[in-house]
Amino acid sequence: MAKAFSYMRFSTPDQAKGDSKRRQYQQAEEYAAAHGLELDDKLTYSDFGISAFRGANIEIGKLGQFMEAIRRKEVESGSYLLVESLDRISRDVILPAQNIFTQIILEGVTIVTLADRRVYSAESVNKSPFLLIEAIVILIRANEESEMKSKRLKSMWENKRKNASTQTLTTVGPGWLKYNKRTQQFEVIAERAAIVNRIYNEYLSGKGYLTIARTLRKDKIRTWTFKKGEKSIWREHYVSRILKNPAVIGTLTPHVMGHGNGKTQRVPLEGIKNYYPPVISEELYEKVQTRRGQYKTRYCDSAALKNIFSMIGRCPQCNGRMMYLKKGPRWDYIICTNAQYQQGCTTNNIPYGRLENVFITEFTKAITDFPFINPVINKTRLGVSHLKEKLRRATIRQNRLFNNLKKGIELETYKSTMSLHMDLQTLETTIEDCHKELIRLNSLHTDHSLKQMKSYIQDFTKYSSVDYLNRELLNTLLRSMCDTVLISHNLIDINFKMGPRLHIEYDKYVSEYEYISDKQLAK
């Protein structure tokens, strides 16, 4: 059976409350069933709340991942991409939109639009060029619709900004204010306003961001920011944001989305004064800005660029996230965030340079052997092999029984037709169970997963062997292969998304790796 992949998309999170998701998936299921296609439920791609107007679903969305899967041959030629309509793929200007469309079909993947049951493949488009013209017209119309909506939305927000002095632009305000729906006004949260005043006065008295954050944590002052799954605590970057935010004196800084050089970014506009109720005096605000201007802002690269363990490195003591820390021009470390911010963890700093060298050296050597020692793959293959043999024997027995029955031979070996019927039914049940179990095992671990893992291994090996390390790329590959990397002073414990664990032991001079199976871990 040819494989089919579903791609679902809608632009705004509000559409998730409607019927769009169910409708798009049901259409894909019905088409796959009607045309004898195997709908892949492991690689069903969806971009919910992501627009295709400026190519966001390619840059940061799942359609970009689908294009990458085609490039890696994880999605094979002859497969199908099922979409509700072509505007789900792209609403960009025509050249980029047409490029996405032609890239997909030239790789041998057939696009099916479920709303009108149109089929676009390299073969069908070559035979009927008007299909390409039709597709281009649909993509042009989709872009024009999005462009019109964009203009209307911009006009609406421009009008809102003009009337911001008399009408509320947005009910979302800074954390020290709350919006009263009855009065349609922002109101000050007194205890939070006091914290803002404390931060400004302490900074003006000579304290830095780090010291202020530390004293707030020490005094157990509650924050008003929330992070899913993690404790929200006072950190220097948030203290810095408060100290430069003109909302403290009542000024709203509106933004527009700027598009250029293939990037989308928020561009600040002129501030609107007296929009919020102020919580500090303008005099205090200006003094703080003057002091901030006297210090040169230190340039810091993002953690992802300096730390290949970003977002995946974890502390073995408390499972806190490991963060990159630079102390001076020559000293850099990695440390648990809970230890850094005195949240109960006592893990010490780990020198980053030695850690990274050891990890890249040993991890690259270890993953070279990965596909051959993976117990999940071996166990699944053995299970599939056993079931296929059982299925083969049952099928042969069933066929032999039917052939003998035709010749009148088999009835003599049975005492009654009832026992014959039971034997046939048992064989039929065995064959059916074998088919179901084969499907289950293949869904647990398919050859596709193995191909994907091999591809990640090849890329990591390639990009870790160059003189200049692209840490952002290595971090992306690492997060694709692994669930967590537990980091301590003498041991790195890698938990792959599939397969065994990898232990890397090291000291100042020596390092070595060892794969640990589930049985060894149980011991």
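Here, the structure is the one placed above.
Residues numbered from 1 in each chain as written. Predicted model: local features only at pLDDT ≥ 70, side-chain atom pairs only at ≥ 80, totals over all residues. Heavy atoms only, no water.

## Considering the overall build of the chain
- Each helix and strand in the chain was counted, giving 20 helices and 18 strands.
- When the 523 residues of the chain are sorted by exposure, 40% land in the buried category.
- Carbon and sulfur atoms provide 51% of the accessible area of the chain, an area that totals close to 31,200 Å². (Helix = DSSP H or I, 4+ residues; strand = E, 2+ residues; numbered from the N terminus. Buried < 20%, exposed > 50% of the residue type's maximum accessible area, 1.4 Å probe, protein only. Areas by Shrake-Rupley, 256 points an atom, 1.4 Å probe, with all protein chains shown as cover.)

## What to know about the packing of aromatic side chains
- What the rule picks out here adds up to 20 aromatic pairs.
- Aromatic pair Tyr179 and Phe186: ring centres 5.2 Å apart, planes at 65 degrees, arrangement edge-to-face.
- We classify Tyr179 as partly exposed; its relative accessible area is 21%.
- Here Phe186 falls in the buried class, since its relative accessible area comes to 10%. (Phe/Tyr/Trp six-rings, centres within 6.5 Å; stacked < 30°, edge-to-face > 60°.)

## Quick notes on the side chain of Arg291
- With respect to the element layout, Arg291 can be found in helix α11 (residues 282–293).
- Glu202 provides the closest opposite charge to the buried, unpaired Arg291, separated from it by 11 Å.
- Reaching out from Arg291, the side chain makes a polar contact with the backbone oxygen of Gly206 at a distance of 3.4 Å. (Lys, Arg positive; Asp, Glu negative; His and termini not counted. Salt bridge = Lys/Arg side-chain N within 4 Å of Asp/Glu carboxyl O. Polar contact = N/O pair within 3.5 Å; in protein donor to acceptor, adjacent residues only side chain to side chain.)

## Some details on the state of the cysteines
- Within this structure, the stated rule accounts for 0 disulfides.
- Not part of a disulfide, Cys315 finds its nearest cysteine sulfur in Cys345, a span of 3.7 Å. (Disulfide = S-S within 2.5 Å.)

## Concerning the sheet that holds strand β16 (residues 491–496)
- Taken in spatial order, the 5 strands line up as β11-β15-β16-β17-β18 in an open sheet, and their pairing is mixed. Because the sheet does not close on itself, it has two edges, and the strands there are β11 (313–314) and β18 (511–516).
- Strand direction decides the pairing type here: β11 and strand β15 (residues 482–487), joined by 2 bridges, are parallel. Residue pairing for β15: Arg314 is matched across the bridge by Leu486.
- Along the sheet, helix α14 (residues 352–368) makes contact with β15, β16, β17 (501–506) and β18, crossing β17 at roughly 135 degrees.
- Contacting β15 and β16, helix α19 (residues 471–481) crosses the sheet at an angle of about 110 degrees to β15. (Pairing = 2+ DSSP bridges. Contact = heavy atoms within 4.5 Å. Axes fitted to C-alpha atoms, helices over the stretch in contact; angles between N-to-C directions.)

## Quick notes on a nonpolar patch on the surface
- Together, Phe130, Ile133 and Val137 line one region of the surface with nonpolar side chains, adding up to about 310 Å² of accessible area.
- Structurally, Ile133 is set in helix α7 (residues 130–162). (Patch = residues over 30% accessible without salt bridge, like charges linked within 9 Å, V, L, I, M, F, W, Y side chains within 5 Å.)

## Overview of the pattern of salt bridges
- Overall, the coordinates contain 15 salt bridges when judged by the stated rule.
- For Arg88, the salt bridge goes to Glu84, with nearest N and O atoms at 2.7 Å. Here Arg88 and Glu84 have matching classes, each one buried.
- Among the ionic contacts, a cluster of salt bridges with common partners joins Arg198, Glu202, Lys207 and Asp219.

## Here's the deal with the nonpolar core
- Counting 46 residues, the largest nonpolar core has Phe309, Phe359, Phe363, Ile494 and Phe496 as the members making the most contacts within it.
- At the level of elements, β12 (322–327), β13 (331–336), α14, α18 (447–463), α19, β15, β16 and β17 are the ones that each hand at least two residues to this core.
- If you tally residues by element for this core, the top one is α14, at 8 residues.
- For Phe363, the residues in contact, after removing those within four places along its chain, are Val358, Phe460, Leu478, Met481, Cys482, Ile494, Phe496, Leu502 and Ile504.
- Core analysis: the second largest hydrophobic core is formed by 31 residues, Leu169, Val239, Tyr275 and Tyr276 among them. (Core = buried A, V, L, I, M, F, W, Y, C linked by side-chain atoms within 4.5 Å.)

## Structural notes on the pairing of β12
- As paired elements, β12 and β13 share 6 bridges and run antiparallel to each other. Of the residues in β13, the one forming a bridge with Lys326 is Asp332.
- Where β12 folds back on β13, the antiparallel hairpin that results is connected by 3 residues, among which Gly328 adopts a positive phi of roughly 85 degrees.

## Some thoughts on the environment of Thr364
- Locating Thr364 in the fold gives a position in helix α14.
- You can call Thr364 buried: its relative accessible area is 16%.
- The sequence separation of Thr364 and Ser465 amounts to 101 residues, and the corresponding C-alpha distance is 9.0 Å.
- Apart from residues no more than four positions distant in its own chain, Thr364 is found in contact with Phe359, Phe460, Thr461 and Ser464.
- Within the structure, Thr364 has its side chain in polar contact with the backbone oxygen of Ile360 (distance 2.5 Å).

## Quick notes on the environment of Pro246
- For Pro246, the location among the structural elements is in the loop between α10 (236–243) and β9 (255–260).
- Through-space distance from the C-alpha of Pro246 to that of Lys273 is 9.1 Å; in sequence the pair is 27 residues apart.
- In contact with Pro246, other than residues within four places in its own chain, are Thr251, Thr253 and Tyr285.

## Details of the sheet that holds strand β14 (residues 350–351)
- Taken in spatial order, the 3 strands of this open sheet run β12-β13-β14, and their pairing is antiparallel. Each edge of the open sheet is held by one strand with a lone partner, namely β12 and β14.
- Pairing of β13 with β14 involves 2 bridges; the strand directions are antiparallel. Each residue of the ladder has a partner; that of Ile334, found in β14, is Ile350.

## So, the pairing of β17
- Both β16 and β17 contribute to a ladder of 5 bridges, which runs antiparallel. Within β17, the residue paired with Ile494 across the bridge is Leu502.
- Linkage of β16 to β17, two consecutive antiparallel strands, is achieved through a turn of 4 residues, within which Gly499 is found at a positive phi near 100 degrees.
- Where β17 lies against β18, 6 bridges are found, and the strand directions are antiparallel.

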